[in-house]
Amino acid sequence: MSSFPSTERASAITQKLQELAAAAGTSGLSVGVVSNGKHIYTSHSGYQSVTTQEAPNDDTVYHLGSLTKAITAAGMAVLVEEGKFKWDSLLKDVVPGFHQRNEDVEALATITDLLSHRMGLAMRMNYWAQMEQELLHPPEKAIDILGALGKLADFRTTLKYNNWTYAVAGLIIEHYSGTTLEGFMQKHFFEPLNLKRTTFGTPTPDNYAGCHITLSDGMPFEVPRPMISSGTLMGGAAGLKSSLGDLLTLYTTLLEAVEDQKKTGETSTPGNPFKQTAMMFEPHGKKGATEYGLGWFLTELPGEIGWIGINDGRVAKNPIIARGCAATPLAYHNGSMPGALSSVHLLQQKKIAIVALSNTLSFADVPDYVGGLLLEEILDYDQPTDFLTLINEAKNASIQGPLKTAQKLQADQQLGTSHKPLEAYEGRYVNANGLFLLDVKVHGEGLRMHVQGLPKTYYDLRHYEHDTFAWSCDRDAEAKRAMFPQLSDAFRKVCFRTSADGEVSSIFWAYARDEPAGEVFEKQEDGTLEKANM
C-alpha cells in the first residue's frame, strides 16, 4: 500500500470512482479511507441534491441505512457492560411482552440471537414501508411484528438477515437507558467523539444530502428523505445519519478499541466509548463463506462481499475481490434505502476503514463496488476487477427486470373474464394477527387500496381476471413514489375471495418475496372505512 496516498494514484482512483458513479446514475458520492487514524484518501463527486446542485463535502450528512446496525449493536454492548443484561439473557426476560410464534425462538432466543440474524425468521420488508417513505406502524409495534414473523429456517442454523430484530434492539436501548435512542447515542458515542454531523434524529437542513432514485434514462430523481429516526419504527435498524468526516473518526475509534481489547483481554478501553468489541466481531451466524457478528458481516479476502447490497441479484455472478491475494479478514456492512446507498469495510489487522456514501438508489450499488475497488487498491492487487462492466450489467438488469415483470403479468392474464360490481369489493380487510390492514374503495374505473389506512401508501388497481385486480409494473412511476424495486408479479396481484354465498369475504395478497405463500386478509363486517386516514 506504499504508493496508495500518492497524488497520481489518488487522482486515478478518483477518476475511476466518478466513472462508476456516472454509469450507475448516482447524484452524489463521498468516499474516504483512514489508516492508523490518518485520512489517506477522500473524494467527493456530483451533487448533494439535483435540485440545489451543491457539491458534497466531508460534512455532508447522508442517510446510512443498515450501517446503523453496528452502532445499535455497540449501544447494546454498553448496556451489557453496565450490567443491564447479558449477551445470553433471554429475550422473554429482557423485552416486556416478547412472544414468538416459533416456540424455540420464544423459549430460547437471547440478546445475541437478536443481533446476529440467526433466528430464522421472515423479513416482512413490506410491513414497515412500501412507498413515499411513509412508515406503516408506530415504533412499539416492532415487538408484536417480530413475534408474528413466520419461520423460514430452523433456529440458530443459518444466517437470515432481518431488520425487525434491530428495530427491537433500539427499543431495548431506550427501555433500559431511560432515554431516547438519540439521547443515548449522543451521550455515549457522538458527544465524546465530537461527532457534530451524526444523529439518530433529524439533521439540520444545512449540508444535508437529498435522496434520489435513478430513472431508466439514467437521471437521478429526487424523492422524499426517509422518515426513520429515533422515536420511529426501525430507528435501531436504519435511523442513523452521518457524514464522511464523522464516520472516519467513528470507525478509527472502533478499530482502536478492537486492537486494545484484543491485546488486554478487557471489555473496555479507557477513553474509548466502544465496549465488548470481541463479542461484536465474533462470528455468531453463518451462511456459506459469510458470517455475521453483531452488526457486522465477517468474511475473508479473497472472497465475495456485498451480501446485503443490491448488486447481489443484479449481476449473474458476484466478483471475487482481491483474487490471489494473501488471506485477509474483512468486516463490512452495506446500507440501502429508497434514495441512499452506503458501505463500510474494515481491515482490522491493518487498522484501515473504507467508507462510501451515496445519496442515490441507482442502477447498481456503487458504494459496494467502491469498497471492492479500494480494497484491491490497498491490497496492491494487480488484476483489478472490472467494476464498470459489472455496473453496466446491473444497469441492464435494473431496467429489464421490471419490463419482464410487466410482460409476465400480461402473458399470464386470462382475458375475457368479468368481475362483480366494484362496490362489492369495498371494505376494510385485516390479516390474522390484526397487525396489517387494507382499505379498498372504488376509485374511477377501478379500485384504490390503501395500506394501514395511510394517505400516501396506496395502489390503484385495475381488473386483471375474475376477482383479481392488479397494478402495472412501471419502473419509473414506482421510483418517483420512492418505492424500493420489487420484481414479483404476485406482489402486484390482489386476489379477492368469496364465501359460499358469493359475497366478497377476503383478500389474498403475496406481498412478501420471501413468503410466496402469501397472506389472507379477512373482510371486516363493522365497516370502518370512514376511520381510515385517506
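All of these numbers come straight from a predicted model, not from anything done at the bench. (Residues numbered from 1 in each chain as written. Predicted model: local features only at pLDDT ≥ 70, side-chain atom pairs only at ≥ 80, totals over all residues. Heavy atoms only, no water.)

*Asks:* Explain the packing of helix α1 (residues 7–24) against helix α13 (residues 387–412) residue by residue, including any values.
*Replies:* Close contact between α1 and α13 brings their axes to 9 Å; oriented N to C, the two are set at 10°. By the angle class used here, α1 and α13 are roughly parallel. Here Glu19, Leu20, Ala23 and Ala24 of α1 lie close against α13, whose contacting residues are Phe387, Leu388, Ile391, Asn392 and Lys395. In terms of residue class, the contact of α1 with α13 is made up of 6 nonpolar, 1 polar and 2 charged. (Axes fitted to C-alpha atoms, helices over the stretch in contact; angles between N-to-C directions. Helix = DSSP H or I, 4+ residues; strand = E, 2+ residues; numbered from the N terminus. Parallel < 35°, antiparallel > 145°, perpendicular 65-115°, else oblique. Contact = heavy atoms within 4.5 Å. Nonpolar A, V, L, I, M, F, W, Y, C, P; charged D, E, K, R; others polar.)

*Asks:* Before we move on, could you go through the nonpolar core and cite the residues and values that matter?
*Replies:* Residues Trp164, Tyr251, Trp296, Leu346, Tyr459, Phe496 and Trp509 are the most contacted members of the largest nonpolar core, which totals 153 residues. Among the nonpolar cores identified, the runner-up in size contains 9 residues, and Cys211, Leu215, Ala479 and Ala482 belong to it. (Core = buried A, V, L, I, M, F, W, Y, C linked by side-chain atoms within 4.5 Å. Buried < 20%, exposed > 50% of the residue type's maximum accessible area, 1.4 Å probe, protein only.)

*Asks:* Pulling in residues and values, what's your account of the confidence of the model for the chain?
*Replies:* Predicted confidence across the chain gives a mean pLDDT of 95, with 98% of residues reaching 70 or more. Ignoring residues within four places in sequence, the model shows residues 530–534, a span with pLDDT below 50, making 12 contacts including any to other chains. (pLDDT = per-residue confidence, 0-100.)

*Asks:* Account for the environment of Gly236, with residues named and values stated.
*Replies:* The topology assignment puts Gly236 in helix α9 (residues 235–238). For the pair Gly236 and Glu182, spaced 54 residues apart in the sequence, the C-alpha separation amounts to 9.9 Å. The residues contacting Gly236, other than those within four sequence positions of it, are Thr68, Lys69, Thr72, Tyr166, Gly170 and Leu181.

*Asks:* Explain the pairing of strand β1 (residues 28–35) to me, and be specific about the residues and the numbers.
*Replies:* With 8 of its 8 residues buried, β1 lies for the most part within the structure. Burial of the side chains of β1 extends over both faces: Gly28, Ser30, Gly32 and Val34 are buried on one face and Leu29, Val31, Val33 and Ser35 on the other. Summarising the sheet, β1 and strand β2 (residues 38–46) pair through 8 bridges and their orientation is antiparallel. Bridging from a neighbouring strand, Val31 pairs with Ser43 of β2. Direction of pairing for β1 relative to strand β12 (residues 352–358): antiparallel, over a ladder of 7 bridges. Within β12, the position partnered with Gly32 by the bridge is Val355. (Pairing = 2+ DSSP bridges.)

*Asks:* Outline the packing of aromatic side chains, listing residues and values.
*Replies:* This model, assessed by the stated rule, comprises 26 aromatic pairs. Look at Tyr425 and Phe469: their rings are 5.0 Å apart centre to centre, the planes differ by 65°, and that puts the pair in the edge-to-face class. With a gap of 44 residues between them, Tyr425 in the loop between α13 and β14 (427–431) and Phe469 in strand β18 (residues 468–470) connect regions that are remote in the sequence. A residue is classified by how much of its surface remains accessible, and Tyr425, at 0% relative accessible area, is buried. Note on Phe436 and Phe521: the rings are 5.8 Å apart at their centroids and 50° apart in plane angle, and the pair reads as tilted. Placement of Phe436 in the loop between β14 and β15 (437–443) and of Phe521 in strand β21 (residues 519–523) is noted, with a sequence separation of 85 residues between them. In this structure Phe436 comes out as buried when scored by relative accessible area, which is 0%. Every member of this aromatic cluster is reached through a ring pair, and the members are Tyr127, Phe436, Tyr459, Trp471, Phe491, Trp509, Tyr511 and Phe521. Stacked on the ring of Tyr166, the Lys or Arg Lys69 has its end atom at 5.8 Å from the ring centre. Of note, Arg481 hangs over the ring of Tyr458, and the distance from its end group to the ring centre comes to 4.4 Å. (Phe/Tyr/Trp six-rings, centres within 6.5 Å; stacked < 30°, edge-to-face > 60°. Lys NZ or Arg CZ within 6 Å of the ring centre and 35° of its normal.)

*Asks:* Describe the side chain of Ser243, naming the residues involved and giving the relevant values.
*Replies:* Here Ser243 is to be found in strand β6 (residues 241–243). At 3.3 Å, the side chain of Ser243 forms a polar contact with the backbone oxygen of Asp58. Here Ser243 is in contact with Asp58, Asp59, Thr60, Val61, Arg197 and Leu357, once residues within four sequence places are set aside. (Polar contact = N/O pair within 3.5 Å; in protein donor to acceptor, adjacent residues only side chain to side chain.)

*Asks:* Report on the sheet that holds strand β5 (residues 220–223), specifying residues and quantitative values.
*Replies:* Read across the sheet, 3 strands follow the order β5-β4-β13 without closing on themselves; strand pairing throughout is mixed. What marks the edges here is a single partner per strand, and that holds for β5 and β13 (360–361).

*Asks:* A description of helix α7 (residues 163–177) should follow, citing residues and the corresponding values.
*Replies:* In an α-helix, one full turn covers 3.6 residues, which means residues spaced three or four apart are oriented alike. Relative to the 21 Å expected for 15 residues at 1.5 Å per residue, α7 spans 22 Å between its end C-alpha atoms, a close match to the ideal helical length. Within α7, 11 of the 15 residues are buried, which leaves it mostly tucked inside the rest of the structure. Listed in full, the buried residues belonging to α7 are Asn163, Trp164, Thr165, Tyr166, Ala167, Val168, Ala169, Gly170, Leu171, Ile172 and Ile173. A distance of 2.8 Å separates the backbone nitrogen of Trp164 from a side-chain oxygen at the start of α7, and that oxygen is part of Asn162. Positive phi appears at Gly178, one or two residues downstream of α7, with a value of about 75°. (Expected span 1.5 Å × (residues − 1).)

*Asks:* Explain the environment of Thr202 residue by residue, including any values.
*Replies:* The residue Thr202 is located in the loop between α8 (181–190) and β4 (211–214) in this model. A residue is classified by how much of its surface remains accessible, and Thr202, at 69% relative accessible area, is exposed. Separated by 26 residues in the primary sequence, Thr202 and Ile228 place their C-alpha atoms 9.0 Å from one another.

*Asks:* Describe the pairing of strand β19 (residues 493–498), with residues and values.
*Replies:* Examined bridge by bridge, β18 and β19 share 3 bridges and lie antiparallel to one another. Directly across from Ala470, in β19, lies its bridge partner Lys493. Two strands pair when backbone bridges link them, and β19 and strand β20 (residues 504–509) are joined in this way by 4 bridges, in the antiparallel orientation. From the neighbouring strand, Phe496 faces β20, where its bridge partner is Ile507.

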